[in-house]
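Chain and residue survey
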Amino acid sequence: MKKFYAFITSMPFAAFIFLALAFSMAIATFVESSYGTPSARALVYNTRWFEVLWGLFALNLINNLVRYRLFSTRRYTLGIFHLSFLIMILGGAITRYFSFEGMMHIRENQAANYILSSDDYFYAAYEDQHKESKVRFSEVVPKQFSAKFDVDGRNVKVKSVGFIENAVRKAVPSDSGQPAIDFVFAAPGGQGMQSYTFTRGVVLNYPGFTAGFESGDHRMVNFFMKDGALFMRSEVALEETTMASQETVTLPPGDTIAVKSMFLYGFDDFRFLVRNFHPSASFTAVKNQSETNENAVLIEISDGVKQQTVPVYGHSGMAPDTISVPLGSGKLKLAYGARPLYLPFSIYLKDFQLERYPGSESPSSFASEAVLIDGERNINRDIRIFMNNTLTHRGYKFFQSSYDTDEKGTILSVNYDFVGTWVSYFSYFLLIVGMMLSLINKNSYFRFLAKKLKNISVSAVLILGIVGGFSMSASAQGGAEASLPPIDKSVVEEFGQLWVQGVDGRIEPISTLTSEIVRKVSKSSTLYGKSSDEVVLSMMAYPEIWRTLPIIRVSEKDLAVELGVQGKYLAADMLFDSNGNYRIIDEVRAAYAKAPAMRNRLEKEYIYLDERVNICFMVFQGAIFHIYPRERREDTWYAPGSNATEYTDGDSIFIKSGFQLLIQSINDNNNEDAVQLLKAVESFQTKYGAALLPSPTKRNLEILYNKVNPFKRIFPFYLLFGTLLLFVLFVNIFRQKPLPKFFKYGFFALIVILFLVHTAGLALRWYISGHAPWSNGFESVVYVAWATMLAGLIFGRKYPMVIGTAAFLSGIALFVAHLSWMNPEVTPLVPVLKSYWLAIHVAIITASYGFFGLSMILGVLTMIFMVLRSQKNAGKVSGFIEQLTTINEMSVTVGLYFLTIGTFLGGVWANESWGRYWGWDPKETWALITVVIYSFIAHMRMIPSLKGAYNYNFASILGFASVLMTYFGVNYYLSGLHSYGKGVADGVNPAVPISFAVLGGLMLWAYIKESKYEKKLAE
């Protein structure tokens, strides 16, 4: 027993637990993406073996706290750090076994005193026998329930044998069945037509509409049978429309109406029809390709002789409908869905409020104006619940989650986990304290690495490279610009300073929108040597010329071949035949008809190409520019040529024809008139939109930001300095001659200048957008590049190899940020991101990626040194290997601290926004996976068989794959709540497997060389 205990508490076994946890969580995220959350929870997250892994991890922590005396005077900071994880596991256990959560749905002017559990339950009962089990059905794991009942002396087994997600009830004619109505219903503001199946006694209850089939009570619409035919009686006047001829007649209330199949009936904005009526039918469940909000559990009922399978319908988070199956002398009752959990108080919804960005359908915020009613405590007070502002009462926390499509009802997520949450929060506090103290504790391993680095006697060499900039922008094709009349610079400049309302409601300089247009259409920032402002203004002034120019990017080679395009660009006119027919209309329609997840690469490119063509024609017509403010700030601004009836004749005429006069002035080279017309538009904007317009300072700075494009300008210099520095360092290692010091300080000064420009660009974007500049894919990559360079400057003050590595990696990151599938637009925040946690959580966790990236590149450099090491240069090269490995360990340590703190602070944010601090969302799960992997890497030195410079650097390279998956993979290839970053990555770029192959070859070569070197040393 002692040997077994020693084994399961040993460091090698702890390493196994690290890897087992990481691997199992990684598999779960892919299962969730392919088969849904219930499958991932049933197969991994909610299994006993997963709990055992965490229990063994806790046991190892306890044992190591004692074995390594982590609470001694010298190591107490490590003790606090490791103790925090024990308390964290305890908090998670309390949450897992004693807390619950659910959803509360309230309509306006109604109250609710119960929630529907987030857990699903299946219930079966026969007379006084019953069984209820918590289940997580999915198509992968359908066998979640079984029960046995005594039915008239026979042993009857009831078990689940199948599960159909997005099921629809299909009535099949049967002599032994029951009457069934195949009913289709659409509510105002709903998601189109929804299918329902009525049998006798079934009632459809929807706010403002009720219908029943011989249900006994009076409904707005009552169906009933007479002589085998279906009739209905309505309490409101109905309109009956013939689907074929669209003829409509009005039917007065109270009339008995013979129901006709495929005739459309309606009142107000409600519509319904009877698709089919079966006087006698049985039912089966079939899978639907689109979302139905209903699943079916297939239940097998068997007494050993006879067997039948019945579908039981339900859905997660929804109240179940109980069905009755005749069995023996009684009925078997079955139900699947959420369990109602009643509260000792209620909430009354007075008003649901949804605010949108001006002129946009995008929500800015939404809130519930409600009343908390608690009779036991004599409480009756007004409350307001909105995103990131919760209600806490009697240990329950209410969060604004969603709302009804008609905006007259609210959906609140509810969490009951007071103890588990605060135990976890306390562990996060200890975690941060332990980490901070470990960085300053003179006896910590991090300080040991710092001392070791000072004692390594390796000369540092630097170089000052001659800077030669290069541009990454490209024009579509050359030679065509000669046919384009130039536009006076004063007109272009005045045009770029107008305000425009974007599709997302953001008020921005028109130069921002023109930049987005040109980039969207051509995947380039300029065309034919013209700025984006001049390109767009020229497209409006000379549309007949621009229609013939190849400016529309075709990214897919197969599509270019189909369209007969040579190269990557085509002209708009190439997509229309001689009769003016749109050549790709059928392909575009077919692509849109498919669910997004089912579209292949070619179909997606048809959609993107169609978007680019539509944008071009909107520019030609001026319809894309909403530049005239409205009297109501909620309304979308007018585009040129609109009929603005709300304004006086003069203003209305100006909106209708002012831009046409501008275009005419440009065509006539009458620049003074053109400038005056643009100034008149600016005055109109100031007169009617002053309350919405940002300050002139913000406008001018945004225009400056667009012109300078700081991140695109500096990345070639980052790459140049990094590449030249590393090259010269490698050369001088073998020349044995260091360069003069002034090269060192000169190079350091230039890198600092680049870093300051980088920092200023981030600060400027923060000011322009009004929020921390790491809310989408482009911004966070730019921030990772900044954090990488910061890490390089911190660790590279005396070590030029680190400076060069960081500069090179920052340049690569900024290069990636400007690839065509990244979106550099400045966008408004979705409601959940409107929180101070955005600046805290995202900044910390994203900064860790910079340190891990530096660690990975240092690992690659170390491998290169191992390959180049020989008997002649062994002394000098070995010193560099030791130096880089030490810096690598320090970088991993800081990165791990940042990532761990950021991950669990993200849990605090999630608790404030979504009502739970941990929910196994793919993004947070992969962040935890990365924490676990780098924890393994940081502890490799404590496992004898894993010690050594090669093993550590090898692991630091492989570990970065988890960072890439956490950032890119989850954002672009998996599903989850973290879907705020914009960008589309179709498939895997061929450069990725090639890079992996090159790295694999380098690591194998380094392993062979290192093995030979170690063998010679041993001899």
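Residues numbered from 1 in each chain as written. Predicted model: local features only at pLDDT ≥ 70, side-chain atom pairs only at ≥ 80, totals over all residues. Heavy atoms only, no water.

**Some remarks on the overall build of the protein chain**
Secondary structure summary: the protein chain contains 26 helices and 29 strands in total. Looking at the protein chain alone, contacts between residues at least 24 apart form 65% of all its contacts between residues at least 6 apart. Accessible area of the protein chain: about 47000 Å², with a carbon and sulfur share of 57%. (Helix = DSSP H or I, 4+ residues; strand = E, 2+ residues; numbered from the N terminus. Contact = heavy atoms within 4.5 Å. Areas by Shrake-Rupley, 256 points an atom, 1.4 Å probe, with all protein chains shown as cover.)

**So, the nonpolar core**
Grouped together as the largest cluster of nonpolar side chains are 130 residues, with contacts concentrated most on M25 and F795. Those residues in contact with F795, other than ones at most four positions away along the chain, are F446, V802, F851, L854, I887, M890, S891 and V894. Core analysis: the second largest hydrophobic core is formed by 64 residues, V492, V536, F659 and I666 among them. (Core = buried A, V, L, I, M, F, W, Y, C linked by side-chain atoms within 4.5 Å. Buried < 20%, exposed > 50% of the residue type's maximum accessible area, 1.4 Å probe, protein only.)

**Points about the pairing of strand β3 (residues 129-135)**
Regular strands place side chains that alternate from one sheet face to the opposite one. Sheet analysis places strand β2 (residues 110-126) next to β3, joined by seven bridges and oriented antiparallel. For A125, the partnering residue across the bridge sits in β3 and is H130. What sits between the antiparallel neighbours β2 and β3 is a turn of two residues, in which E127 has the positive phi angle 55 degrees. (Pairing = 2+ DSSP bridges.)

**Observations regarding the packing of aromatic side chains**
By the definition in use, this model includes 67 aromatic pairs. Ring geometry for F163 versus Y336: centroids 6.4 Å apart, planes at 90 degrees, classification edge-to-face. Here F163, found in strand β5 (residues 154-164), pairs with Y336, found in strand β20 (residues 330-356); they are 173 residues apart in sequence, far enough to count as distant. By the burial criterion, F163 is buried, and Y336 matches it. (Phe/Tyr/Trp six-rings, centres within 6.5 Å; stacked < 30°, edge-to-face > 60°.)

**Overview of the sheet that holds strand β15 (residues 263-267)**
The strand order across the open sheet formed by six strands is β7-β6-β16-β15-β12-β13, and the pairing between neighbours is antiparallel. At either margin of the open sheet sits one strand with a lone partner, and together these are β7 (194-198) and β13 (248-251). Sheet twist, expressed as the mean angle between neighbouring strand axes with direction ignored, is 35 degrees. Here β15 pairs with strand β16 (residues 270-287) via three bridges, running antiparallel. Bridge pairing in β16 links Y265 to F272. (Axes fitted to C-alpha atoms, helices over the stretch in contact; angles between N-to-C directions.)

**Quick word on a nonpolar patch on the surface**
On the surface, a nonpolar cluster with roughly 420 Å² of combined accessible area is contributed by M1, F4 and F7. Position of F7 among the secondary structure elements: in helix α1 (residues 2-8). (Patch = residues over 30% accessible without salt bridge, like charges linked within 9 Å, V, L, I, M, F, W, Y side chains within 5 Å. Salt bridge = Lys/Arg side-chain N within 4 Å of Asp/Glu carboxyl O.)

**Things to note about the confidence of the model for the protein chain**
Atom-level detail of predicted coordinates should not be read off regions where pLDDT is low. Per-residue confidence for the protein chain gives a mean pLDDT of 82, with 87% of residues at or over 70. Per-element mean pLDDT across the protein chain ranges from 72 in helix α7 (residues 445-455) up to 95 in β5. Scored below 50 in pLDDT, residues 457-480 makes 62 contacts in the model with residues more than four places away or belonging to other chains. Across residues 827-834, where pLDDT falls below 50, the model places 32 contacts with residues more than four positions away in sequence or in other chains. (pLDDT = per-residue confidence, 0-100.)

**Brief notes about the sheet that holds strand β17 (residues 295-302)**
The four strands are arranged β4-β5-β17-β18 in an open sheet whose pairing can be described as antiparallel. Each end of this open sheet is capped by a strand with a single partner; those strands are β4 (146-151) and β18 (307-314). The mean angle between the axes of side-by-side strands here comes to 30 degrees, regardless of whether they run parallel or antiparallel. Examined bridge by bridge, β17 and β18 share eight bridges and lie antiparallel to one another. Looking at β18, one finds that S302 is bridged to Q307.

**Section: a positive patch on the surface**
On the surface, R69, R74, R75, K442, R447 and K451 cluster together to form a positively charged patch. Structurally, R69 is set in the loop between α4 (48-67) and α5 (76-98). (Lys, Arg positive; Asp, Glu negative; His and termini not counted. Charge placed at Lys NZ, Arg CZ, Asp CG, Glu CD.)

**Brief notes about the side chain of Q400**
Topologically, Q400 is positioned in strand β24 (residues 396-403). Using a relative accessible area of 1% as the deciding quantity, one classes Q400 as buried. A polar contact is formed between the side chain of Q400 and the side chain of S368, at a distance of 2.6 Å. Of note is the side chain of Q400, whose polar atom sits 2.9 Å from the side chain of T410. (Polar contact = N/O pair within 3.5 Å; in protein donor to acceptor, adjacent residues only side chain to side chain.)

**What about the environment of G79?**
By the secondary structure assignment, G79 is in helix α5. When the C-alpha positions of G79 and L65 are compared, they lie 6.5 Å apart, and in sequence the two are 14 residues distant. Ignoring anything within four residues of it in the chain, the contact list for G79 reads L65, L70 and F71.

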